[in-house]
Amino acid sequence: MTPTGLDRRQLLHGAVAAAALSQFPASLEAAEGPTVTNGRIKHSIVFWCFNAGGDKWDVEKTCQTAKELGVKSIEIIGPEHWPTLKKHGLTCAIAPNGMPGAPFMKGFNNSRYHEEVITRTKKTIDDCAAAGVPSVISFTGYKWHDADDPKSGEISRDEGAKNCIKGLKEIAGYAEQKKVTICVEHLNTRDDTHPMKGHPGYQGDDLDYLSGILRKVGSPRVKLLFDIYHVQIMHGDIIRRIEQNKDVIAHIHTAGNPGRAELDDTQEILFPPIMKKLLAIKYDGWVGHEFIPTRDPFKGLQEAVKLCDV
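Residues numbered from 1 in each chain as written. Predicted model: local features only at pLDDT ≥ 70, side-chain atom pairs only at ≥ 80, totals over all residues. Heavy atoms only, no water.

Peer 1: How do you make sense of the overall build of the protein chain when you look at a structure like this?
Peer 2: On a plain count of helices and strands, the protein chain comes out with eleven helices and nine strands. Counting the 310 residues in the protein chain, one finds 52% classified as buried. Restricting the contact set of the protein chain to residue pairs at least 6 apart, pairs at least 24 apart contribute 74%. Accessible surface computed for the protein chain: about 14100 Å², of which carbon and sulfur atoms make up 51%. (Helix = DSSP H or I, 4+ residues; strand = E, 2+ residues; numbered from the N terminus. Buried < 20%, exposed > 50% of the residue type's maximum accessible area, 1.4 Å probe, protein only. Contact = heavy atoms within 4.5 Å. Areas by Shrake-Rupley, 256 points an atom, 1.4 Å probe, with all protein chains shown as cover.)

So this is what it looks like as structure tokens:
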């Protein structure tokens, strides 16, 4: 026992709690003016998160919110909306890949879908090049021979990797010519509670596996979308993972875990040290905030931007 009557366990518990709370600025409630003040992290709002659910922001509302916060990009939003972004002095950090439905299901790992995926991705690359959008999102796809049918049998990991390398190499030269980066996203397969919280069946759920594919493609325009939420679920050890994959990272997404909700004190990821690590590796890409709001979406987004504005 200590002289104050507190034992070691109580002291440690208090220290941990204080450390967790210290990442949330006490002045946030009273913050006025742009939330982005340091400007070393390039913040972006992922449109789909705020264009769904009860509050459902339209493009104009999202643009106004971005400007109020000092955010310069709205992403994963189609080319038909880019003129509106431009009108507000905003950009799109990364484009959707043009695949219909759930685009993460049909990807480069399945030769059955190569023609469609490559054709649609090239079209999006053309749109990006014309509008000055730097990146397009892409996926390995689900591991089943028929992406919609788990009973159709599995594509082996080796075959999936070979198909990804072949398909990505086929399109890499086009991306290089147009100066647009294809960002293949790592997704988690462990969370089966919601179609956008986890993706059971997705083949690119192992970061080493996916990064190995990208390195074998060997193109400066075929890189990794490092989603902190998904990496936390599948691997943890996020800061070390950033260091290990700094040569292939081209885009970042955030969300709190568990639940893919706000970046607040109910979740387990400490975001400021992760943002500082991105600065340490001289990452100069965008950080897209991709959480699913569970309360006031503006306040949650304001907190996320403030927290990551290191």
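There's more to say after this.
Peer 1: Sorry, what's going on with the packing of helix H3 (residues 59–69) against helix H11 (residues 297–308) here?
Peer 2: Two measures define how a pair of helices packs: the angle their axes make with one another and the distance between the axes. Axis separation between H3 and H11 bottoms out at 11 Å; the angle between their running directions is 40 degrees. Classified by the angle between their axes, H3 and H11 sit oblique to one another. Crossing angle aside, the handedness with which H3 passes H11 is right-handed. Facing H3, whose interface residues are Thr65, Glu68 and Leu69, H11 presents Phe298, Leu301, Gln302 and Val305. Taken together, the residues that form the contact of H3 with H11 break down as four nonpolar, two polar and one charged. (Axes fitted to C-alpha atoms, helices over the stretch in contact; angles between N-to-C directions. Parallel < 35°, antiparallel > 145°, perpendicular 65-115°, else oblique. Left-handed = near helix turned anticlockwise from the far one by under 90°. Nonpolar A, V, L, I, M, F, W, Y, C, P; charged D, E, K, R; others polar.)

Peer 1: Where do I start with the nonpolar core in this structure?
Peer 2: As a rule of thumb, soluble globular proteins bury nonpolar side chains together. Core analysis: the largest hydrophobic core is formed by 87 residues, its most contacted members being Leu85, Leu168, Ile182, Phe226, Ile228 and Met275. Among the elements that line this core, the one with the most residues is helix H6 (residues 157–178), at seven residues. Each residue touching leucine 168, except ones within four places of it in the same chain, is listed here: Phe108, Ile182, Val184, Ile213, Leu214, Val217 and Val222. (Core = buried A, V, L, I, M, F, W, Y, C linked by side-chain atoms within 4.5 Å.)

Peer 1: Sorry if this is basic, but what is going on with H3 here?
Peer 2: Residues that lie three or four places apart on an α-helix share one face, since the helix turns once every 3.6 residues. Residues of H3 that are buried: Val59, Thr62, Cys63, Thr65, Ala66 and Leu69. Buried residues of H3 fall within an arc of 160 degrees about the axis and therefore sit on the same side. Taken together, the buried residues of H3 touch strand E1 (42–46), helix H2 (47–50), strand E2 (73–75), helix H4 (82–87) and H11. Taken from the residues just after H3, glycine 70 is the one with a positive phi, measuring 85 degrees. (Arc of directions from axis to C-beta.)

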